[in-house]
Amino acid sequence: MPTTTSGFFLQCASRGTLELVLPAADTPFGVEHHRREEASGPWRHVATFASGLGPVEAVSLIQSNFGDPGHLEAVARIGDRLAAFWCAPSSEPSWSEPRFFAEGAAGDPALIQGCFGGKGNFELVVPHARGGIAHYHRDNDTAELGWRGPVIFGEGLGRFEAVAMIQRMAGAPHGPNAPGDLEVVARVGDRLVMFRRSPGSGAAWHGPEEVVSGVRGTPALFRSTIGGPGTLELFSPLARVGLARWSRDDGARFRGPTVFATDLGRCEAVSVIESWPLGRIELAVRADGRIVHATRDGAVWSQRAIGNTSPSPADVPSPATLPPPATTTNRPPAATPSRPPAATTSRPPPSMSSPPPAPLPTGASPRLRAGPHRAGFRRIGALSLSADACYPDTWPFQGALYRCPARSAALLYYPASADGEEAPLSPGGPFPVIAIAHERRLATSAATAGSPAGLAQDYRQLAGVMAHLARWGFVVVAPDLSWLTPDDAPLRRAAVLRDALTHLRAGSRGPLLADFARVGLLGHGLGAQAALALALDAACPFDVRALALLAPAGAPERALSIDALAPRPALVVRGTADPIAAAVPAALYDRARAPKHLVTLPGANHFGYTTSLGLAEPLDGHAGLPRREQQAIAMGYLAAFFNGYLRDARGDLDALSGKASLEGLEAREIPVSAEVPDGAAGS
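Residues numbered from 1 in each chain as written. Predicted model: local features only at pLDDT ≥ 70, side-chain atom pairs only at ≥ 80, totals over all residues. Heavy atoms only, no water.

1. Let's talk about the overall build of the chain
Looking only at helices and strands, the chain features seven helices and 43 strands. Taken across its 683 residues, the chain has 61% of its residues classed as buried. (Helix = DSSP H or I, 4+ residues; strand = E, 2+ residues; numbered from the N terminus. Buried < 20%, exposed > 50% of the residue type's maximum accessible area, 1.4 Å probe, protein only.)

2. Digging into unusual backbone geometry
The residue after Gly149, namely Pro150, is reached through a cis peptide bond having omega 10°. Structurally, the position occupied by Pro150 is in strand β12 (residues 147-153). Backbone geometry at Phe29 places phi at a positive 60°, although glycine is not the residue there. Relative to the helices and strands, Phe29 resides in the loop between β2 (18-23) and β3 (31-36). Judged by its relative accessible area of 23%, Phe29 falls in the partly exposed class.

3. Overview of the packing of aromatic side chains
Within the structure shown, the criterion is met by 16 aromatic pairs. Ring centres 4.2 Å apart and planes at 10° place the aromatic pair Phe101 and Trp147 in the stacked group. Here Phe101 is found in strand β8 (residues 99-102), whereas its partner Trp147 is found in strand β12, with 46 residues between them in sequence. Given a relative accessible area of 18%, Phe101 falls into the buried group. Judged by its relative accessible area of 15%, Trp147 falls in the buried class. (Phe/Tyr/Trp six-rings, centres within 6.5 Å; stacked < 30°, edge-to-face > 60°.)

4. Topic: the side chain of Asp652
Within the secondary structure layout, Asp652 lies in helix α7 (residues 650-656). The class for Asp652 is buried, based on a relative accessible area of 0%. At 3.0 Å, the side chain of Asp652 and the side chain of Asn643 are in polar contact. (Polar contact = N/O pair within 3.5 Å; in protein donor to acceptor, adjacent residues only side chain to side chain.)

5. Quick word on the sheet that holds β12
Spatial strand order, β9-β10-β11-β12: four strands in an open sheet with antiparallel pairing. A single partner strand is all that each edge strand has here, and the edge strands are β9 (110-113) and β12. Strand-to-strand, the axes of this sheet are offset by a mean angle of 20°, without reference to chain direction. Pairing of β9 with strand β10 (residues 122-127) involves four bridges; the strand directions are antiparallel. By the bridge assignment, Ala110 is partnered in β10 with Val125. (Pairing = 2+ DSSP bridges. Axes fitted to C-alpha atoms, helices over the stretch in contact; angles between N-to-C directions.)

6. Examining the environment of Asp393
The topology assignment puts Asp393 in the loop between β27 (374-383) and β28 (395-397). With 11 residues separating them in the primary sequence, Asp393 and Cys404 have C-alpha atoms 8.0 Å apart.

Here it is as structure tokens:
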């Protein structure tokens, strides 16, 4: 039976073997062909083809109805050209020479054999370099087997990055003997949209239909064959980490997402099959420079590594439902805080620290330990603003007029029993609550491909940090501050931060989620001024117990009187390659009174902490610390600080003072200073 679902992974219909192709990571490049013959057997490399053509960017694989058994057929993109290859699925396959047939390709291609024509045409879609999607087909009823096209569609949406395609079973939805529709899902930025094409020569493509957002990489589209046409299922890498699955029946909206495989980190591509004879869903996933084979039996996923791929240097980690691989730290000893934590719980969480182990070899990157919960999240789209947060009308700044919105937005993360949007709340609440004030960036700031360019998305900047804190048992809310100018900071920003906490407390689920007697604040850049201002506000209706300042920025002489924060604790995190917050962190730490902690990240810049949008500010410095490691180290210390002072995890207080190491952060030298009420300090 010819393959009617695109991807780089399939089950050979005649042999039952699992077949997978992927671009080779090293010279002489080409395409690697891997196979698994038995369900419990290993994957093995059986061939490399297309060597010497230069780096292969992407490849799609099908089994056709040519030959007996059917040939394996592949289309690879080399630069902007497409080339077709084939081989018989023998035990030692020998792939053909390339047959180039198209130019102008700019993304991952999707190949199937459909049921148009007597033999069944090959159908291929690929993002086009000039925008839109190019559709080619190969007429398999002719002797020359020539490719025809392209037909361009979807060009009004600009440049696409990836596509996936299926053809519905014959008879759906045009009658018992009619070919099924072609269905394409395509990614533009962080959105997936769908197009359809009815049977018949010259039929037009219809769409786009908005499907989902918050994704990246190459998706997979799949329609079950069990019991008829089945449910349409969509799998995609998430913009943060892991994968998500959506499903829908004909005529309905997509349901989901179900988030899974977050332990794989950042995923680049996914391909899906329904294997036989057990009817299991099986995936091949490209993630963090490796290939993983995942199988689902019921609700349980199992994973097996296949091999390595070349890393994607442009990829930047995003908000995570699990944290990315982290660096590790050795810290010199410092004083132990003698001040008791502000609040305790009846069931303290497990400590994140351990006795100082033997140093790991330089460059070791074990994963940062995750907390005992999952990370659920919710979007808040109708945040009311108080009078002291709003501009009276318009506010001029640097030639532009600013105006407050009628309603603002916020992002909420919370401890959950599963990952994903609106996931069920984890038992054990209410949990301590942390409000985050994000950094303000310039309109000329850059973002990685697929990230929203609009500043109004900036409350998502630290979503990875938020998810990590949620896993350690905190409810975390970050309101949108992008509509505020920096000149009247920090008071209006502090008011918006307070409004977000008020909104959360007033909600019907607020008391179940958050313990408002244990509140912490976190500010990044100019947002640090807002967090400090709210912590010092005597009229604040919330009991702020701990303050963390991440790369605090602004004019040092305008910094608020942080010394008034005592006896509440403060944490300051700074980077040595941060020109935006060059002097402020040290000034704030010097002025603060004990208990206080200062963490210095060698080589860290200012915007490297942003996990969701992958921001790059033109005024920022060049980081000497990989972005993934910068984020992981900051996550570790932030979670330890709030865990120690809001949840009575004494081991984490030791780690913040250098008497113990955070698990997974042993191999790097990270200077830590601490001063406690006794007056002792370490650095």
